[in-house]
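Results of the structural survey
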Amino acid sequence: MTASIIDGKAYAAGLRARVAQGVAGLKAGKGITPGLAVVLVGDDPASQVYVRSKTRLVAEAGMTGFDHRLPANTPQADLLALVARLNADPAVHGILVQLPLPAHIDSAHVIAAIDPAKDVDGLSATNAGRLVQAGSGPLDFPVACTPLGCLMLLKDSLGSLAGADAVVVGRSVLVGKPMAQLLVREDCTVTLAHSRTRDLPGLCRRADILVAATGRAQMVKGDWVKPGATVIDVGITRVDRPDGKQRLIGDVDFEAASAVARAITPVPGGIGPMTIACLLHNTLQAARRAAGLGPAAI
Ligand SMILES: NC(=O)C1=CN([C@@H]2O[C@H](COP(=O)(O)OP(=O)(O)OC[C@H]3O[C@@H](n4cnc5c(N)ncnc54)[C@H](OP(=O)(O)O)[C@@H]3O)[C@@H](O)[C@H]2O)C=CC1
Ligand SMILES: Nc1nc(=O)c2c([nH]1)NC[C@@H]1CN(c3ccc(C(=O)N[C@@H](CCC(=O)O)C(=O)O)cc3)C=[N+]21
């Protein structure tokens, strides 16, 4: 059996086009242009590439981007002061502080300073708590972009997820935990695995839905995958190629897993583009809420 490849790049392009329509509607109807501020502290080259492509896609969606690049040695107080200015700026509807932050900065403190209404990463305690408490109704607050993108692709690929055994490997605040919450809400039976999990291969082998989000390149082997499972690969590891360029590798051994799985996301071209499209989606919805409007149907 050969798995079908879940084309996150194509799905993300469609989602961005729908968001762009929503942006145009908001401009025409209310004269409001959604604004997204991206804050990057330090000069990590991978993050710079990510922020650059984000900046281009923000403009393509018809939004205004506000890029703030601060040196790696920026004092925490300066970063907090910037967040406070962005919170108060009515042209800014979404704020994303790129993680990880340099070691001298307390990330939790910075995230807690972001106005929950502008927290388009869904990372604040308020929005993370809303997700934990959410019932089956619409999610009318920002949900973490990567898990939201994973969920959209899963529903597109599988339809209903109800009753499925789901295993999420990785328990970060950014990916694993909100992913598990979203899958519980879809009536999956969820196991949240991590580095202390016993018999991870055996656990993964029971999963109808397997989400890998560890950052350990090709950790998930072909024989960890249940035949017929749907595999979502969130991990991104950059490795140097002999020609000096870099290539991206996921958390899953793609070749081996795709011989067993029903469907699988590739790296690149899977979850990465969905994350950015969901960030734009969250920014549009935040701008609509700020204007007292209901969510756009996307
Ligand atoms: N495609 C996209 O859009 C995005 C991709 N990413 C990528 O996803 C990956 C994960 O990101 P993030 O969640 O932020 O990472 P973190 O480093 O914050 O978390 C990694 C998690 O994986 C677990 N883990 C690490 N090694 C193992 C192991 N050997 N077995 C089982 N579990 C393990 C850790 O367990 P423990 O808690 O016990 O330490 C931890 O919970 C990275 O590669 C990142 O680059 C991230 C965000 C968006
Ligand atoms: N506060 C915060 N929120 C995040 O959402 C966040 C973050 N910090 N820190 C870093 C991770 C990583 N991340 C990616 C998003 C898109 C791609 C992406 O577009 N990837 C493309 C390839 C891009 C390339 O070639 O470099 C793909 O997988 O096809 C990758 C990685 C968001 N993150």
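None of the values given here were measured: they were computed from a predicted structure. (Residues numbered from 1 in each chain as written. Chains lettered and ligands numbered in written order. Predicted model: local features only at pLDDT ≥ 70, side-chain atom pairs only at ≥ 80, totals over all residues.)

What to know about the sheet that holds strand E3 (residues 64-70)
- A sheet is described by the order of its strands in space; here three strands give the open sequence E3-E2-E4, paired in parallel fashion. If you trace the sheet from one side to the other, it starts and ends with E3 and strand E4 (94-97), each paired once. Direction aside, the axes of adjacent strands within the sheet are offset by 15° on average.
- With seven bridges joining them, strand E2 (residues 35-41) and E3 adopt parallel strand pairing. Paired with Val-39 across the bridge in E3 is His-68.
- In the packing of helix H3 (residues 76-88) onto the sheet, the strands contacted are E2, E3 and E4, and the crossing angle to E2 comes to about 180°. (Pairing = 2+ DSSP bridges. Helix = DSSP H or I, 4+ residues; strand = E, 2+ residues; numbered from the N terminus. Axes fitted to C-alpha atoms, helices over the stretch in contact; angles between N-to-C directions. Contact = placed C-beta atoms within 7 Å.)

Comments concerning the site of ligand 1
- The environment of ligand 1 is made up of 26 residues, and the closest members are Gly-170, Ser-172, Ser-195, Gly-215 and Thr-275.
- Considering each element in turn, the shell around ligand 1 owes the most residues, three residues, to helix H10 (residues 271-290).
- Within the shell around ligand 1, the residues separate by chemical class into ten nonpolar, 13 polar and three charged. (Near = placed C-beta within 6 Å. Nonpolar A, V, L, I, M, F, W, Y, C, P; charged D, E, K, R; others polar.)

A closer look at the domain arrangement of the chain
- Per the domain assignment, the segments of the chain are domain 1 (30-115) and domain 2 (143-273).
- Relative placement of domain 1 and domain 2: their C-alpha centres are 27 Å apart. (Domains from an automatic or database assignment.)

Notes on the packing of helix H6 (residues 145-158) against H10
- At a minimum axis separation of 8 Å, H6 and H10 run at an interaxial angle of 110°. Regarding the angle of H6 to H10, the classification is roughly perpendicular. For the pair formed by H6 and H10, the contact residues are Cys-145, Thr-146, Leu-148, Gly-149, Cys-150, Met-152 and Leu-153 on the first element and Ile-271, Met-274, Thr-275, Ala-277, Cys-278, Leu-279 and Asn-282 on the second.
- Classifying every residue of the contact of H6 with H10 by side-chain character gives ten nonpolar, four polar and no charged. (Parallel < 35°, antiparallel > 145°, perpendicular 65-115°, else oblique.)

Focus on H6
- An ideal rise of 1.5 Å per residue puts 20 Å on 14 residues; H6 measures up with 20 Å between its terminal C-alpha atoms.
- Of all the positions in H6, only Cys-145, Thr-146, Pro-147, Leu-148, Gly-149, Cys-150, Leu-151, Leu-153 and Leu-154 are classed as buried.
- Close packing links the buried residues of H6 with helix H1 (8-30), helix H7 (176-185), strand E7 (209-212), strand E8 (230-233) and H10.
- Positive backbone phi, at 75°, marks Gly-159, one or two positions downstream of H6. (Expected span 1.5 Å × (residues − 1). Buried ≥ 20, exposed ≤ 12 C-beta atoms within 10 Å, placed from the backbone.)

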